[in-house]
Protein chains: 2
Amino acid sequence: MDKFMQAAIDEARAGLSEGGIPIGSVLVCDGRIIGRGHNQRVQKMSAVLHAEMDCLENAGRLSAVEYKKCTLYTTLSPCDMCSGTALLYGIPKVVIGENETFKGPEDYLRSRGVELLLLDSEECKALMREFIRAKPELWNEDIGA
Amino acid sequence: MDKFMQAAIDEARAGLSEGGIPIGSVLVCDGRIIGRGHNQRVQKMSAVLHAEMDCLENAGRLSAVEYKKCTLYTTLSPCDMCSGTALLYGIPKVVIGENETFKGPEDYLRSRGVELLLLDSEECKALMREFIRAKPELWNEDIGA
């Protein structure tokens with residue numbers, strides 16, 4: 001497994017151990033992780049801190065020059081909100097653990113010039129499968145369903 | 001002025017008085033304001049709390065049924081991030097103070113079924129004009145420029 005996706009999975013597992021939704025994310029710049037995060041819906045009662053958002057928030061306020069050198073890793077295909085955030089900051093590449101559980105607007109991201117790499121990780125899928133079986137209502141809330 | 005847009009402008013002015021970026025937002029459901037917020041880049045050192053995001057975060061965790069009855073008011077045309085968040089939660093209508101200072105992906109929102117209403121408010125424009133003249137670098141950071 002890609003070491004950065006492994007770090008995102010570690011974040012997802014940290015979220016699960018806190019009673020949260022097991023989706024994790026890391027932001028990588030110049031070969032180094034500069035932000036880490038995981039979904040905070042349960043932990044912070046948050047409507048906006050999906051894993052990617054928590055990761056970007058934890059990375060702090062960066063310049064446009066910095067964002068444009070970044071790759072965003074996420075264990076699950078980014079939703080409309082998280083995709084939009086990548087577009088806002090001009091993050092050029094997103095690496096996705098899996099998109100079977102949920103698939104965000106990947107074609108739209110590509111049409112706006114974002115490079116996507118799908119790893120199709122069985123570990124990421126298993127995390128979500130077990131979580132959704134246990135707490136389907138929480139998962140639906142997270143994706144506005 | 002529409003009373004809900006006035007409440008969003010009040011939020012923008014509150015942000016300005018805190019040294020922040022003067023963009024405000026309210027979330028309205030069944031004729032009642034259920035969330036208020038303003039840009040928190042300066043105040044909370046936040047990369048993700050644009051006014052609309054702060055408003056939705058302050059509204060708390062809502063059900064899909066609730067979001068689908070909401071109208072999101074914002075003093076400035078929503079960026080890719082905030083537009084994506086409206087899409088995630090299926091918010092059916094966005095009322096925009098102005099879109100001269102900045103124009104987000106309005107056509108894309110419409111193409112995804114969101115109704116937009118532009119108020120073309122001189123008060124909203126003046127707030128941003130004065131702010132950007134005073135602190136252009138902060139504004140650029142906020143829109144990833």
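Reading the values: the criteria
- Residues numbered from 1 in each chain as written.
- Chains lettered and ligands numbered in written order.
- Predicted model: local features only at pLDDT ≥ 70, side-chain atom pairs only at ≥ 80, totals over all residues.
- Heavy atoms only, no water.
- Contact = heavy atoms within 4.5 Å.
- Buried area = accessible area lost by both parts, 1.4 Å probe.
- Salt bridge = Lys/Arg side-chain N within 4 Å of Asp/Glu carboxyl O.
- Polar contact = N/O pair within 3.5 Å; in protein donor to acceptor, adjacent residues only side chain to side chain.
- Helix = DSSP H or I, 4+ residues; strand = E, 2+ residues; numbered from the N terminus.
- Nonpolar A, V, L, I, M, F, W, Y, C, P; charged D, E, K, R; others polar.
- Pairing = 2+ DSSP bridges.
- Axes fitted to C-alpha atoms, helices over the stretch in contact; angles between N-to-C directions.
- Buried < 20%, exposed > 50% of the residue type's maximum accessible area, 1.4 Å probe, protein only.
- UniProt positions renumbered as here; feature names shortened; annotations may be inferred.

**Q** Which residues make up the interface of chain B and chain A, and what are the values?
**A** Residue-level contacts link 34 residues of chain B with 34 residues of chain A. When the two sides are added together, the surface that chain B and chain A hide from each other amounts to roughly 2,700 Å², 56% of it contributed by carbon and sulfur. One salt bridge connects B:Arg61 with A:Glu141, and the closest N-O pair in it is separated by 2.6 Å. Across the contact surface, chain B and chain A share 20 residue pairs in polar contact (both at pLDDT 80 or more). Ranked by the residues each element gives to the side of chain B that touches chain A, the list is headed by helix α4 (residues 80–88) of chain B, at six residues. Among the residues making up the side of chain B that touches chain A, the classes are represented as 20 nonpolar, six polar and eight charged.

**Q** Let's hear about the sheet that holds strand β3 (residues 70–76) of chain B: which residues, and what values?
**A** All names here are of chain B. The five strands are arranged β2-β1-β3-β4-β5 in an open sheet whose pairing can be described as mixed. Since the sheet does not close on itself, it has two edges, and those belong to β2 (32–38) and β5 (115–118), each with one partner. Neighbour to neighbour, the strand axes of the sheet diverge by 20 degrees on average, direction disregarded. One ladder, built from six bridges, connects strand β1 (residues 24–29) with β2; its direction is antiparallel.

**Q** Give a detailed account of helix α4 (residues 80–89) of chain A, specifying residues and quantitative values.
**A** Taking burial as the measure, the 10 residues of α4(A) include 10 buried ones, the bulk of the element. A:Gly90 sits one or two positions beyond α4(A) and adopts a positive phi of about 65 degrees.

**Q** Got a sec to walk through the UniProt feature "domain: CMP/dCMP-type deaminase" (unreviewed entry) in chain A? Specific residues and values, please.
**A** According to UniProt, the "domain: CMP/dCMP-type deaminase" (unreviewed entry) feature falls on residues 1–116 of chain A. Helix makes up 38% of residues 1–116 of chain A and strand makes up 24%, while its end C-alpha atoms are separated by 17 Å.

**Q** If you had to explain the environment of B:Asp2 to someone new, which residues and values would you point to?
**A** All names here are of chain B. For Asp2, the position within the fold is in the segment before α1 (3–17). For the pair Asp2 and Gly97, spaced 95 residues apart in the sequence, the C-alpha separation amounts to 10.0 Å. When sequence neighbours within four positions are dropped, the list of residues in contact with Asp2 reads Tyr73 and Leu119. Among the polar contacts made by the side chain of Asp2, one reaches the main-chain amide nitrogen of Phe4 at a distance of 2.7 Å.

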